[in-house]
Amino acid sequence: MRERQYKRTASKDYLTGLDREESIVRFHNVAGKESGNPSWSLSLPHILVATVCSFLFGYHLGVVNETLEIISLDLGFNGSTLAEGLVVSTCLGGAFVGSLFSGWIADGIGRRRAFQLCALPMIIGASMSATTRSLEGMLLGRFLVGTGMGIGPPVVSLYVAEVSPTFVRGTFGSFTQIATCIGLIGALLIGIPAKEIDGWWRVCFWVSAFPAAILAFLMEFSAESPHWLLKKGRAAEAEAEFEKLLGGLHVKSAIAELLKLERGEEVDAVKLSDLFFGHYFRVVFIGSSLFALQQLSGINAVFYFSSTVFKGAGVPPDLANMCVGIANLSGSIIAMILMDKLGRRVLLLVSFSGMAASMGLQVTAASSFASESGALYLSVGGMLLCVLTFSLGAGPVPGLLLAEIFPSRIRAKAMAVCLAVHWVINFFVGLLFLRLLEQIGPQILYTIFATFCLIAVAFVKKNVVETKGKSLQEIEVALLAPE
């Protein structure tokens with residue numbers, strides 16, 4: 001059995017004990033510095049288990065790309081653009097609902113149980129989609145999968161930020177974006193035979209149930225977040241989890257740092273109004289704005305429109321999707337390497353600046369100055385550059401950064417609010433993109449996207465602090481110093 005029995009100790013009582021052993025804490029602090037950073041290999045297995053959730057997120061985003069046409073034929077709604085749109089957007093609607101409750105779930109039952117809970121609707125929903133004989137069954141299955149997708153990403157960001165050693169937190173945070181890219185590419189590869197093999201689309205949905213089940217099973221053996229345990233007054237258990245994640249030498253200093261910060265923290269339950277008024281407004285505003293600007297940069301419009309652009313260049317849809325997936329994965333790997341070297345803020349600035357430049361290429365391609373062949377090359381190049389630069393910073397950084405800058409007291413619920421903003425804007429960009437493209441044309445539309453990218457650059461310069469190499473407690477003290 002994984003579970004061990006601990007005597008529950010109130011955080012304040014535990015802290016008093018630590019105060020009596022102040023010399024021991026100082027010794028561990030010195031020892032930690034002398035021995036260097038804790039081993040990243042201890043926390044890595046727990047991070048890898050959590051990123052299965054990100055893989056599932058990417059897989060379910062991409063699973064209908066190759067299969068939607070065949071699904072519509074088999075389920076009898078071929079030719080209905082409304083029905084096809086519902087198959088895609090119902091999942092987004094479920095994700096919005098799931099994200100609204102994710103913070104309360106993560107704070108209520110813990111990070112590990114939240115992962116297991118998000119896996120459940122993914123398993124049930126995927127099974128329903130794989131076996132359904134009607135459009136209604138498909139929509140219900142997609143909605144259930146969406147709720148799991150909505151719960152999962154905020155919890156992944158929380159978990160990675162809270163269990164990772166400070167010096168590799170950015171690198172581990174990039175794993176989530178890489179896993180999402182692998183999920184997208186995996187969905188595309190598995191969906192390729194769908195047009196040739198009768199009923200293969202059902203296999204595509206069945207496949208996704210297995211990693212969801214693996215996630216739920218392996219989370220039973222993974223570490224719980226020590227931050228959450230301390231909030232629940234389970235300090236002895238938090239110390240045991242820190243030992244698993246950091247090694248015995250670094251436990252006392254880690255637990256003491258958390259508990260000393262908790263001394264001045266309010267113990268009342270967080271209300272929704274607390275996130276929008278007073279002390280916490282600034283960090284919640286920064287988080288919501290980052291996710292809003294991420295979506296208003298036009299990245300999803302680029303994904304939606306990529307197959308049409310590549311088709312004009314004579315590239316088959318399967319190969320086009322693979323090119324976009326490889327560009328996305330390549331940028332994510334580069335971000336992983338640079339995250340703890342250059343920092344989050346630099347990557348955000350480079351990313352949004354690169355996306356603005358890529359939108360400039362799209363505007364030029366749509367103008368009368370470019371020849372037909374030149375316009376095609378500019379459009380394809382701009383599209384791939386946009387995906388690459390997005391995955392360098394605007395893709396992986398916001399989720400990690402927000403989990404870092406939000407104080408422990410509001411972290412889970414503030415992440416839920418910001419992800420809800422993300423899903424709302426994602427939905428409306430997808431809904432309005434083609435209509436705006438028809439009414440105002442690509443030049444004006446891509447100029448609007450480029451403008452939002454430049455606004456994002458200015459916003460990051462003014463509001464985003466660098467969190468590289470700082471513990472979550474140091475960041476909280478810096479952003480929310482007592483007034």
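Because the structure is predicted, anything quoted here is derived from the model rather than measured.

What counts and what doesn't
- Residues numbered from 1 in each chain as written.
- Predicted model: local features only at pLDDT ≥ 70, side-chain atom pairs only at ≥ 80, totals over all residues.
- Heavy atoms only, no water.
- Axes fitted to C-alpha atoms, helices over the stretch in contact; angles between N-to-C directions.
- Helix = DSSP H or I, 4+ residues; strand = E, 2+ residues; numbered from the N terminus.
- Left-handed = near helix turned anticlockwise from the far one by under 90°.
- Contact = heavy atoms within 4.5 Å.
- Nonpolar A, V, L, I, M, F, W, Y, C, P; charged D, E, K, R; others polar.
- Buried < 20%, exposed > 50% of the residue type's maximum accessible area, 1.4 Å probe, protein only.
- Salt bridge = Lys/Arg side-chain N within 4 Å of Asp/Glu carboxyl O.
- Disulfide = S-S within 2.5 Å.
- Phe/Tyr/Trp six-rings, centres within 6.5 Å; stacked < 30°, edge-to-face > 60°.
- Core = buried A, V, L, I, M, F, W, Y, C linked by side-chain atoms within 4.5 Å.
- Parallel < 35°, antiparallel > 145°, perpendicular 65-115°, else oblique.
- Expected span 1.5 Å × (residues − 1).
- Polar contact = N/O pair within 3.5 Å; in protein donor to acceptor, adjacent residues only side chain to side chain.
- Patch = residues over 30% accessible without salt bridge, like charges linked within 9 Å, V, L, I, M, F, W, Y side chains within 5 Å.
- Areas by Shrake-Rupley, 256 points an atom, 1.4 Å probe, with all protein chains shown as cover.

Structural notes on the packing of helix α18 (residues 397-405) against helix α19 (residues 411-463)
- Contact pair α18 / α19: the axes reach a minimum separation of 9 Å and the direction vectors enclose 145 degrees. Here α18 and α19 pass one another in a crossing that is right-handed. Facing α18, whose interface residues are Gly399, Leu402 and Ala403, α19 presents Arg411, Met415 and Cys418.
- Residues belonging to the contact of α18 with α19 are distributed by class as follows: four nonpolar, one polar and one charged.

Here's the deal with the environment of Gly152
- Here Gly152 shows up in helix α7 (residues 135-163).
- Relative accessible area serves as the criterion here: at 0%, Gly152 is assigned to the buried category.
- Sequence separation between Gly152 and Gly98 is 54 residues; the distance between their C-alpha atoms is 8.3 Å.
- Setting aside anything within four residues of it in sequence, one finds Gly152 in contact with Cys53 and Cys118.

Here's the deal with the environment of Ile123
- Residue position: Ile123 is located in helix α6 (residues 111-131).
- Non-local contacts of Ile123, meaning those with residues more than four positions away in its chain, are made with Ala209, Ala212 and Ala213.

Here's the deal with the pattern of salt bridges
- Scanning the entire structure with this criterion turns up 13 salt bridges.
- We note a salt bridge from Arg111 to Asp107, for which the minimum N-O separation is 3.2 Å. The same class applies to Arg111 and to Asp107, which are both buried.
- Two residues, Asp107 and Lys413, come together in a salt bridge whose shortest N-O distance is 2.7 Å. You can see Asp107 sitting in helix α5 (residues 81-109) and its partner Lys413 sitting in helix α19, a full 306 residues away along the chain.
- Residue Asp107 is classed as buried on the basis of its relative accessible area of 8%.
- The class of Lys413 is buried, set by a relative accessible area of 10%.
- What you see here is one network of salt bridges that share partners, running through Asp107, Arg111, Glu162, Lys231, Arg411 and Lys413.

Some details on the state of the cysteines
- Summed over the entire model, instances satisfying the criterion amount to zero disulfides.
- Free of any disulfide, Cys453 has its nearest cysteine sulfur in Cys386, 6.6 Å distant.
- Classification of Cys453 by relative accessible area gives buried; the value is 0%.

Section: the packing of aromatic side chains
- Counting across every chain of the model gives ten aromatic pairs.
- The interplanar angle of 45 degrees and the centroid separation of 5.4 Å between the aromatic rings of Phe172 and Phe175 together place this pair among those described as tilted. Of this pair, Phe172 and Phe175 both sit in helix α8 (residues 169-191), three residues apart, which is roughly one turn of that helix. For the pair formed by Phe172 and Phe175, the shared burial category is buried.
- Between Phe427 and Phe428, the ring centres sit 5.4 Å apart and the planes meet at 80 degrees, which makes this aromatic pair edge-to-face.
- Cluster of aromatic residues (ring-pair linked, three or more members): Phe281, Phe285 and Phe459.

A word on the nonpolar core
- Ranked by internal contacts, the top residues of the largest apolar core, which has 107 residues, are Phe115, Leu215, Leu290 and Phe406.
- The leading source of residues in this core is α19, at 18 residues.

Considerations on the packing of α8 against helix α15 (residues 317-342)
- Where α8 contacts α15, the two axes come as close as 8 Å, and the packing angle between them is 170 degrees. Comparing their axes, α15 and α8 come out roughly antiparallel.

Quick notes on α8
- Taking 1.5 Å as the rise per residue, α8 with 23 residues should run 33 Å; its terminal C-alpha atoms sit 34 Å apart, in good agreement.
- For α8, the buried fraction is high: 18 of the 23 residues fall into the buried class.

Some points on the side chain of Thr90
- Assignment of secondary structure puts Thr90 in helix α5.
- In terms of polar contacts, Thr90 uses its side chain to reach the backbone carbonyl oxygen of Leu86, at 2.5 Å.

Thoughts on a nonpolar patch on the surface
- On the surface, Val424, Phe427, Phe428, Leu431, Leu432, Leu436, Ile440, Ile444 and Ile448 cluster together into a nonpolar patch covering about 700 Å² of accessible area.
- As for its position among the elements, Ile448 is in helix α19.

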